[in-house]
Amino acid sequence: AQVTACDTAKKVLSLGIAKHVVGNPVKLAEKRFGLTYEFRAKNFGTVAFTKFRLRDDLKAAFAQKGAVVDSVTVTADAGLTVNPAYTGEGTHTDLL
């Protein structure tokens with residue numbers, strides 16, 4: 001999946017980001033699996049992040065393979081605000 005992260009305050013930043021599947025896929029039903037992804041973002045610079053945004057377009061990643069995203073749950077560490085409208089599709093691709 002394409003993942004985008006930026007500081008909307010327009011500062012010069014040094015950012016590292018990684019995304020990976022946690023554990024193994026869980027079979028929910030025939031041709032249905034549950035996956036848990038984890039994102040890690042690290043500030044390698046000396047400027048504090050403000051107005052940080054993390055974007056992940058699930059439809060772009062999975063639709064070409066014939067997969068359908070049924071539901072999404074987003075959690076975040078303290079100090080970050082989850083976007084309750086996140087679906088991973090269309091205009092709802094901002095996780096934070």
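Being a predicted model, the structure only gives us computed values, none of them experimental.

### A look at the overall build of the protein
Link 1 in the chain: Check the secondary structure of the protein and you find 1 helix and 6 strands.
Link 2 in the chain: In the protein, the succession of α and β elements from N to C terminus is β-β-β-β-β-β-α.
Link 3 in the chain: Contacts spanning at least 24 positions in sequence make up 56% of the contacts within the protein whose residues lie at least 6 apart.
Link 4 in the chain: Total accessible area on the protein stands at roughly 7100 Å², and carbon and sulfur atoms take up 52% of it.

### As for unusual backbone geometry
Link 1 in the chain: Unlike most non-glycine residues, lysine 31 shows phi in positive territory, near 65 degrees.
Link 2 in the chain: Mapped onto the secondary structure, lysine 31 falls in the loop between β3 (26–29) and β4 (32–34).

### A word on the pattern of salt bridges
When the charged atoms of two side chains lie near each other, side chains of opposite charge can form a pair.
Link 1 in the chain: Taken as a whole, this structure holds 5 salt bridges when the rule is applied.
Link 2 in the chain: With a closest N to O distance of 3.1 Å, glutamate 38 and arginine 40 form a salt bridge.
Link 3 in the chain: Relative accessible area serves as the criterion here: at 55%, arginine 40 is assigned to the exposed category.
Link 4 in the chain: For aspartate 94, the salt bridge identified is with arginine 53, shortest N-O distance 4.0 Å. On the criterion of sequence distance, the pair formed by aspartate 94 in the segment after α1 (58–62) and arginine 53 in strand β6 (residues 52–56) is long-range, its members being 41 residues apart.
Link 5 in the chain: On the accessibility criterion, aspartate 94 (18% relative accessible area) is buried.
Link 6 in the chain: Residue classification places arginine 53 among the partly exposed residues on the basis of a relative accessible area of 27%.
Link 7 in the chain: Taken together, the shared-partner salt bridges in this structure form one network comprising Arg53, Arg55 and Asp94.

### As for the packing of aromatic side chains
Link 1 in the chain: Counting across every chain of the model gives 0 aromatic pairs.
Link 2 in the chain: Against the face of tyrosine 37 rests lysine 19, its NZ or CZ located 4.5 Å from the ring centre.

### What about the environment of lysine 31?
Link 1 in the chain: On the basis of relative accessible area, lysine 31 is assigned to the exposed category, the value being 76%.
Link 2 in the chain: Sequence spacing of lysine 31 and alanine 67 is 36 residues, and the spatial spacing of their C-alpha atoms is 9.3 Å.

About the thresholds
Residues numbered from 1 in each chain as written. Predicted model: local features only at pLDDT ≥ 70, side-chain atom pairs only at ≥ 80, totals over all residues. Heavy atoms only, no water. Helix = DSSP H or I, 4+ residues; strand = E, 2+ residues; numbered from the N terminus. Contact = heavy atoms within 4.5 Å. Areas by Shrake-Rupley, 256 points an atom, 1.4 Å probe, with all protein chains shown as cover. Salt bridge = Lys/Arg side-chain N within 4 Å of Asp/Glu carboxyl O. Buried < 20%, exposed > 50% of the residue type's maximum accessible area, 1.4 Å probe, protein only. Phe/Tyr/Trp six-rings, centres within 6.5 Å; stacked < 30°, edge-to-face > 60°. Lys NZ or Arg CZ within 6 Å of the ring centre and 35° of its normal.

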